[in-house]
Amino acid sequence: MIPTRLYLMFCCLLARARADRYHSAASEQDVPAFAAVAAESTAEYWASEARAGIEERLHQRYSGDTRAARNVIMFLGDGMSVPTITAARTLLGQRAGGTGEEAQLSFEKFPTVGFSKIADSACSATAYLCGTKANEGTLGVTGAVRRRDCAASQVPSSRLTSIAAWAIADGRDAGIVTTARVTHASPAGAYARSANRDWESDTDVTTDNVDSTQCPDIAAQLVNEEPGKLFKVILGGGRREFLPSGVVDEEGTNGRRSDNRNLIEEWQVDKRSRNETFRYVWNRKQLLEAREQGPQYLLGLFEGSHMQYHMEADNHTEPSLAELTETAIRMLSRNERGFFLFVESGRIDHAHHENQPELALDETLALNAAVQRATALLSAERDLLVVTADHAHVMAFNGYSARGNDVLGPSGTRDSDGVRYMTLSYTNGPGHRAYGTRPRSDVTLEPNYRSTRWMSHVDVPRSSETHGGDDVGVYARGPQHGLFGGVYEQSRLPHLMAYATCLGPKPHACSGAISNTASAALLASAALLLSLCRGAN
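Since the model is a prediction, treat every value here as computed from it, not as a measurement.

Engineer: Could you give an account of helix 3 (residues 82-95), naming the residues involved and the relevant values?
Structural biologist: In a regular helix each residue adds 1.5 Å, so 14 residues correspond to 20 Å; helix 3 covers 20 Å between its end C-alpha atoms and thus fits that length. What helix 3 keeps buried is the set Thr84, Ile85, Ala87, Ala88, Thr90, Leu91, Gly93 and Gln94. Of the surrounding elements, those touching the buried residues of helix 3 are helix 13 (347-353), helix 14 (357-377), strand 10 (395-397), strand 13 (424-429) and strand 16 (472-477). One or two residues past the end of helix 3 sits Gly97, with phi positive at roughly 95 degrees.

Okay, here's the thing in structure tokens:
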């Protein structure tokens, strides 16, 4: 018999070992409970908030934009804060041989820019894909569900549908693309309903002493439940979540499932039973072949866990985010009614957590290339593109440097002791250097300085850098892009996209009620102009 104290200690260590190293679940002592307003625990509260915001924006301006979008792509830079965008823009210009500041990312050319108020990764995904704010660590459920509360997550009124599901219900197609695991929090917001974002495989569920038949894991939901099983394109990492623990994948990674199910095979069996053409791929060559063959369904899992960083990837086996995006667009464009596509550059976040700015900026530039590819393939008159982030990070962009100063190098000035400091640094994280007396050490003299995995200097020591609390940018191009300006709740985003695309909860750009609103605004403007003309006469 194991003493109770030792058993509890073992469980605690096990939970830490299996937790996401970048997003470890906070303990009850770390985060005090927040007594939310009761109404905020319902989906209707946030839907009403979004409807009111849309009506307000329509009354604020009349742009003459009466178009409705056929297709919509939501690009997400995970952890892509405003300083990250500014630094990435500068790096882009400097890599091209310029001073850097004059450069412009592809989505910075979009006609409308706004800001959204953020939350944390999983509940953030619920906000920007399902339109409802929820509790930290939960996915696809309302605020009535606390983290790990399996029973509460099964209550019908607490279960949400995403904009991907709205698109499928409207006869359109849907898909997800990510450089993280396809079961990770951001893409899972498009299809999963889970009381814990960490329940990516059944092993994760049972380790929390929860019955996985009552609360299926996220990978199982993607393969066997709607809307995930209806996604025409699923591209990213995470093979291990789909394979039994006794199975080794194509690149030597062990599966993590304890139920002995091979979900990759189950996905293929489902498509075969419905007489659909399909293909499973795990490397770049197979992806490009599948693009040409054009199966109706495509599942691509390119790594056991997250995909490799773009700067470190094997280009023979690992496709770029731009290649994944183009493949998804070409496949989904076959539906004449249109599509919804979610594209995530997921590893910006991971590099920031490790205080590695060069990797974070390079992953941002990979997203920039994917957006550029999409703008070349799709029409600004018909297709809506939205680029945003789920949350920020605590990377600081320090001054005072002359124009053209290396954005990844030291600042143009020194501290009070004459010691150099980096242009990009972090307020907390694993890159902290201990120093007891002044002056502090000069990080530019370290043997591995400026290597890819070198960590910038940090103020507060932590095992993993934290997210930031600042708002994130929203960039929009296409029909109804003007609605995305201003500052608003993140949960408004799917409602805005649905409005512009005429799917999901109303109001819609092509509904009579909104047309009347626009007409009323036009008539009011005409009346005012007429009265001014009469006054002038």
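Engineer: Mind laying out the state of the cysteines, listing which residues take part and the relevant values?
Structural biologist: Applying the stated criterion across every chain, the model contains 2 disulfides. Each sulfur of the disulfide joining Cys150 and Cys215 lies 2.0 Å from the other. Disulfide Cys150-Cys215: torsion about the S-S bond near 105 degrees, hence right-handed. On the criterion of sequence distance, the pair formed by Cys150 in helix 5 (residues 150-153) and Cys215 in the loop between helix 8 (202-207) and helix 9 (218-224) is long-range, its members being 65 residues apart. Relative accessible area serves as the criterion here: at 7%, Cys150 is assigned to the buried category. Given the relative accessible area of 3%, Cys215 is considered buried. Here Cys502 is linked by a disulfide to Cys510, with a sulfur-sulfur distance of 2.0 Å.

Engineer: Explain the sheet that holds strand 2 (residues 112-117) residue by residue, including any values.
Structural biologist: The 10 strands lie next to each other as 5-6-4-3-7-1-8-16-2-17, forming an open sheet whose pairing is mixed. For this open sheet the edge positions go to strand 5 (278-281) and strand 17 (486-489), each flanked by a neighbour on one side alone. Across the sheet, the mean angle from the axis of one strand to that of its neighbour is 15 degrees, orientation sign disregarded. Relative to strand 4 (residues 233-237), strand 3 (residues 173-181) runs parallel, the two sharing 4 bridges. Pairing of Gly175 across the sheet is with Val233, part of strand 4. Together, strand 1 (71-77), strand 3, strand 7 (339-345), strand 8 (383-389) and strand 16 form the strand contacts of helix 14, whose direction differs from that of strand 1 by roughly 170 degrees.

Engineer: Please set out the pattern of salt bridges residue by residue, giving values where relevant.
Structural biologist: Going through the model one piece at a time under the given rule, you end up with 44 salt bridges. Residue Arg257 is joined to Asp259 by a salt bridge in which the shortest nitrogen-to-oxygen separation is 2.8 Å. According to the relative accessible area criterion, Arg257 is buried, its value standing at 0%. A single salt-bridge network, built from bridges that share partners, covers Arg181, Glu200, Asp204, Arg240, Glu241 and Arg256.

Calculation criteria
Residues numbered from 1 in each chain as written. Predicted model: local features only at pLDDT ≥ 70, side-chain atom pairs only at ≥ 80, totals over all residues. Heavy atoms only, no water. Helix = DSSP H or I, 4+ residues; strand = E, 2+ residues; numbered from the N terminus. Expected span 1.5 Å × (residues − 1). Buried < 20%, exposed > 50% of the residue type's maximum accessible area, 1.4 Å probe, protein only. Contact = heavy atoms within 4.5 Å. Disulfide = S-S within 2.5 Å. Pairing = 2+ DSSP bridges. Axes fitted to C-alpha atoms, helices over the stretch in contact; angles between N-to-C directions. Salt bridge = Lys/Arg side-chain N within 4 Å of Asp/Glu carboxyl O.

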